[in-house]
Amino acid sequence: MLKEDFIRSVISEDIGRGDLFQRVSESISSSAYILAKSDGVLAGVEYLKPLSKMFDIDFKWNFKDGEKFLKGDKLLIINGDSKDILSLERSILNIILHATSIATLTNSYIEKLKSYKTKLLDTRKTRPLLREFEKYAVRCGGGINHRMGLDDALMLKDTHLETIENLELFMKEAREKIPFTSNIEIECETLEMAKKAMKCGADIIMCDNMGVNQIKEVVLFRNQNFPTVLIEASGNITIENIERIASTGVDAISTGALIHQSKWIDLSMKIESIKI
């Protein structure tokens, strides 16, 4: 969905047939700001840019997407018609809060991986119709997107594997039917399954819910036999165990927690002055 269309949908949801306050108030040239009441990593700037074109308001950002801010910082200065600012207040805050909270949590995981080459990935566990927006927020926090959808890589999870009788034959046929540039990733729960997947030609092996020692064995086998295969760890990833998993030598760690476990930080809008 285009950012402009996304913004229109967000505003329509909140304003509906019209802000009732606008019926009983007069337009006043006003100034407002978004105040950070907790530390965080900003996200949402790119999605709010179209607003200044749709309404008679001007945005002055003090931070860019992906930049860290501290409690007490003014993230955004807004100048314009008081009616527009007040009508858009909740929509603006919701967009910044949602994206910034995801970016902030993502960055806390990134901090744990500073000493490793392991990449941090999100998943497809996103809210319906918000995937592009939420994955954008992950990027702002320093993470990397996994698949955007079923059409950009072939991933064989345990449910898919249950329907495949001959994995080697399936892989050969798949190579003839999917785009040349598309990777094939296979979810594996054991070392033996990982070995089989590599021998069948997988580009990426996902170590699903494996223990640290199991993952080390998969990485060692890969290093000795299939050095070009990428190893991804996933399942029950937490801020407490992510360093131990990274220490196994995996190329990437994926977790849906970056999105579905993020808690909204504290931001608010304040009217700073009324220009008479």
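All figures in this text were calculated on a predicted structure; none of them were measured in a lab. (Residues numbered from 1 in each chain as written. Predicted model: local features only at pLDDT ≥ 70, side-chain atom pairs only at ≥ 80, totals over all residues. Heavy atoms only, no water.)

Novice: Quick rundown of the sheet that holds strand 9 (residues 204-208)? Include the residues and the values.
Specialist: Strand order across the open sheet formed by six strands is 6-11-10-9-8-7, with parallel pairing between neighbours. Pairing within the sheet leaves two strands with one partner each, and these edge strands are strand 6 (119-121) and strand 7 (154-156). The sheet shows a mean angle of 25° between the axes of neighbouring strands, taken without regard to direction. As defined by bridge partners, strand 9 adjoins strand 10 (residues 230-234) across five bridges and the pair is classed as parallel. Along strand 10, the bridge assignment pairs Cys207 with Ala233. Packed on one face of the sheet, helix 10 (residues 212-225) meets strand 9 and strand 10 and runs near 170° to strand 10. (Pairing = 2+ DSSP bridges. Helix = DSSP H or I, 4+ residues; strand = E, 2+ residues; numbered from the N terminus. Axes fitted to C-alpha atoms, helices over the stretch in contact; angles between N-to-C directions. Contact = heavy atoms within 4.5 Å.)

Novice: Lay out a nonpolar patch on the surface in plain terms, naming residues and giving numbers.
Specialist: On the surface, Phe21, Val24, Leu86 and Ile271 cluster together into a nonpolar patch covering about 380 Å² of accessible area. Along the chain, Val24 turns up in the loop between helix 2 (20-23) and strand 1 (29-36). Residue class for Val24 comes out exposed when judged on its relative accessible area of 70%. (Patch = residues over 30% accessible without salt bridge, like charges linked within 9 Å, V, L, I, M, F, W, Y side chains within 5 Å. Areas by Shrake-Rupley, 256 points an atom, 1.4 Å probe, with all protein chains shown as cover. Salt bridge = Lys/Arg side-chain N within 4 Å of Asp/Glu carboxyl O. Buried < 20%, exposed > 50% of the residue type's maximum accessible area, 1.4 Å probe, protein only.)

Novice: Let's hear about the pattern of salt bridges: which residues, and what values?
Specialist: Inspection of the entire model under this criterion finds ten salt bridges. Among the salt bridges present, the one from Lys114 reaches Glu111, with a minimum N-O distance of 3.0 Å. Taking relative accessible area as the criterion, Glu111 reaches 32% and is therefore assigned partly exposed. A salt bridge links Lys195 to Glu192, with the shortest nitrogen-to-oxygen separation between them at 3.7 Å.

Novice: Explain the packing of aromatic side chains residue by residue, including any values.
Specialist: As enumerated under the stated definition, the model contains eight aromatic pairs in all. A centroid spacing of 6.1 Å and a plane angle of 80° characterise the contact between Phe59 and Trp61, whose relative ring orientation is edge-to-face. With centroids separated by 6.0 Å and ring planes inclined at 40°, the aromatic side chains of Phe221 and Phe226 adopt a geometry described as tilted. In this structure Phe221 comes out as buried when scored by relative accessible area, which is 14%. Overall, the relative accessible area of 25% leaves Phe226 in the partly exposed class. Among the aromatic residues, ring-to-ring pairing joins Phe6, Tyr47, Phe133 and Tyr136 into one connected group. Positioned over the ring face of Tyr47 is Lys3, at 5.2 Å from the centre of the ring. In this structure, Lys74 is placed above the aromatic ring of Tyr33, and the distance from its NZ or CZ to the ring centre is 4.3 Å. (Phe/Tyr/Trp six-rings, centres within 6.5 Å; stacked < 30°, edge-to-face > 60°. Lys NZ or Arg CZ within 6 Å of the ring centre and 35° of its normal.)

Novice: Can you lay out the packing of helix 9 (residues 191-199) against helix 10 for me, pointing to particular residues and giving the numbers?
Specialist: For the pair helix 9 and helix 10, interaxial distance at closest approach is 9 Å and the crossing angle is 25°. Our classification of the angle between helix 9 and helix 10 gives roughly parallel. Here the hand of the crossing between helix 9 and helix 10 comes out right-handed. Facing Leu191, Ala194, Lys195, Met198 and Lys199 of helix 9, the residues of helix 10 in contact are Glu217, Val218, Phe221 and Arg222. Per-class residue counts for the contact of helix 9 with helix 10 are five nonpolar, no polar and four charged. (Parallel < 35°, antiparallel > 145°, perpendicular 65-115°, else oblique. Left-handed = near helix turned anticlockwise from the far one by under 90°. Nonpolar A, V, L, I, M, F, W, Y, C, P; charged D, E, K, R; others polar.)

Novice: Lay out unusual backbone geometry with the relevant residues and their values.
Specialist: Phi is positive for Leu129, which is not a glycine, with a value near 70°. Mapping Leu129 onto the fold places it in the loop between strand 6 and helix 6 (131-140). The exposure class of Leu129 is exposed, given its relative accessible area of 80%. A positive phi angle, close to 55°, is found at Asn236, a residue other than glycine. Considering the arrangement of structural elements, one finds Asn236 in the loop between strand 10 and helix 11 (242-246).

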